[in-house]
Amino acid sequence: MRAMILAAGRGERMRPLTDHCPKPLLPVAGRPLITYTLERLVRAGYGTVVINTAHLGAQIRETLGAEYAGTRLLYSEEPEGALETAGGIRQALPLLGDAPFLVVNGDVWCEHPLHPPAQPVLAERGLLAHLVLVDNPPHHPEGDFRLSGGRVSLDTGTPLTFSGIGWYHPALFAGLPEGRRPLGPLLREAIDGGRVSGEHYAGDWRDIGTPERLAALEADIDRRRDYGLI
């Protein structure tokens, strides 16, 4: 099983913290943010994780190296700020293989187990993606998509927010030209065609997009340690 962590962003909302440190390496309770996701991927059994890098990418490679707890790490280097999400995934396809793969945003912290229930579903049902959706956070009250009967919709069902966690079939990116390509239009086209399933995750999920959210996460983790919960 293969997964990809999106770690090429500049982290503009995190400045000045990200002026000299890439966002995935920002410390949270004594360890880099990205290692929390890597730890869950290892537990879920992913043998290879691809990490795309751009802004201060050398720091990520030097910090993490070629493996993490026995899971192989591969790197897809991008021109800084050039490719966006779909463009970055498209470039990394040779490293991700021919089977469905997981993609996780590098600035997400969550307790989703990241087990791959979607992989056989995508292969057997002709689906192109399976998205993890969450309750709309205060900073994004309108949500992104809707969920109805296990399928993601643009206009039917409960409005929810895309978590930045999804399994994708490589065919979703087939024919996509090289270069800067956002993921949203690809997903909306596939959703409109009825080829995207989804799940509602109600557990702890954080979009660590600002210094305030980073500090709140660190305080929560420290509190859990004080009470012996982790």
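In what follows, the structure referred to is the one given above.
Description of the structure in this document. (Residues numbered from 1 in each chain as written. Predicted model: local features only at pLDDT ≥ 70, side-chain atom pairs only at ≥ 80, totals over all residues. Heavy atoms only, no water.)

**Regarding the packing of aromatic side chains**
- Applying the stated criterion across every chain, the model contains three aromatic pairs.
- Here Phe101 and Tyr168 contribute two aromatic rings whose centre-to-centre distance is 6.5 Å and whose plane-to-plane angle is 50 degrees, an arrangement assigned as tilted. Of the two residues, Phe101 sits in strand S7 (residues 101-105) while Tyr168 sits in strand S12 (residues 158-168), which places them 67 residues apart along the sequence. Grouping residues by exposure puts Phe101 and Tyr168 together as buried.
- Ring geometry for Tyr168 versus Phe173: centroids 6.0 Å apart, planes at 70 degrees, classification edge-to-face. (Phe/Tyr/Trp six-rings, centres within 6.5 Å; stacked < 30°, edge-to-face > 60°. Helix = DSSP H or I, 4+ residues; strand = E, 2+ residues; numbered from the N terminus. Buried < 20%, exposed > 50% of the residue type's maximum accessible area, 1.4 Å probe, protein only.)

**Focus: the layout of surface pockets**
- Considering only enclosed or pocket space, the largest pocket measures out at about 1200 Å³ in volume.
- Lining the largest pocket are 43 residues; nearest its centre among them are Leu6, Glu84, Thr85, Asn105 and Asp107.
- When residues in the lining of the largest pocket are grouped by element, the largest group, five residues, is from S12.
- For the lining of the largest pocket, a count of residues per class yields 18 nonpolar, 14 polar and 11 charged.
- Taken as a whole, the second largest pocket encloses approximately 280 Å³ of empty space.
- Taken together, 16 residues form the lining of the second largest pocket, with Arg31, Tyr36, Glu39, Arg40 and Trp109 sitting closest to its centre.
- Only helix H1 (33-44), strand S8 (108-110) and helix H6 (211-226) provide two or more residues apiece to the lining of the second largest pocket.
- Top contributing element to the lining of the second largest pocket by residue count: H1, with five residues.
- The class makeup of the residues in the lining of the second largest pocket is eight nonpolar, one polar and seven charged. (1 Å grid on protein atoms, 1.4 Å probe; cavity = no way out; pocket = protein on both sides within 12 Å on 5 of 7 lines; lining within 4 Å. Points joined across faces, edges and corners; volume = space filled by probe spheres on them. Nonpolar A, V, L, I, M, F, W, Y, C, P; charged D, E, K, R; others polar.)

**Section: the pattern of salt bridges**
- This model, assessed by the stated rule, comprises 10 salt bridges.
- Ionic pairing is found between Lys23 and Asp107, a salt bridge with its closest N-O pair at 3.0 Å. Of this pair, Lys23 sits in the loop between strand S1 (2-6) and strand S2 (27-28) while Asp107 sits in the loop between S7 and S8, and the two are 84 residues apart along the sequence.
- According to the relative accessible area criterion, Lys23 is buried, its value standing at 12%. (Salt bridge = Lys/Arg side-chain N within 4 Å of Asp/Glu carboxyl O.)

Remember, this is a structural readout, not a statement about activity or role.
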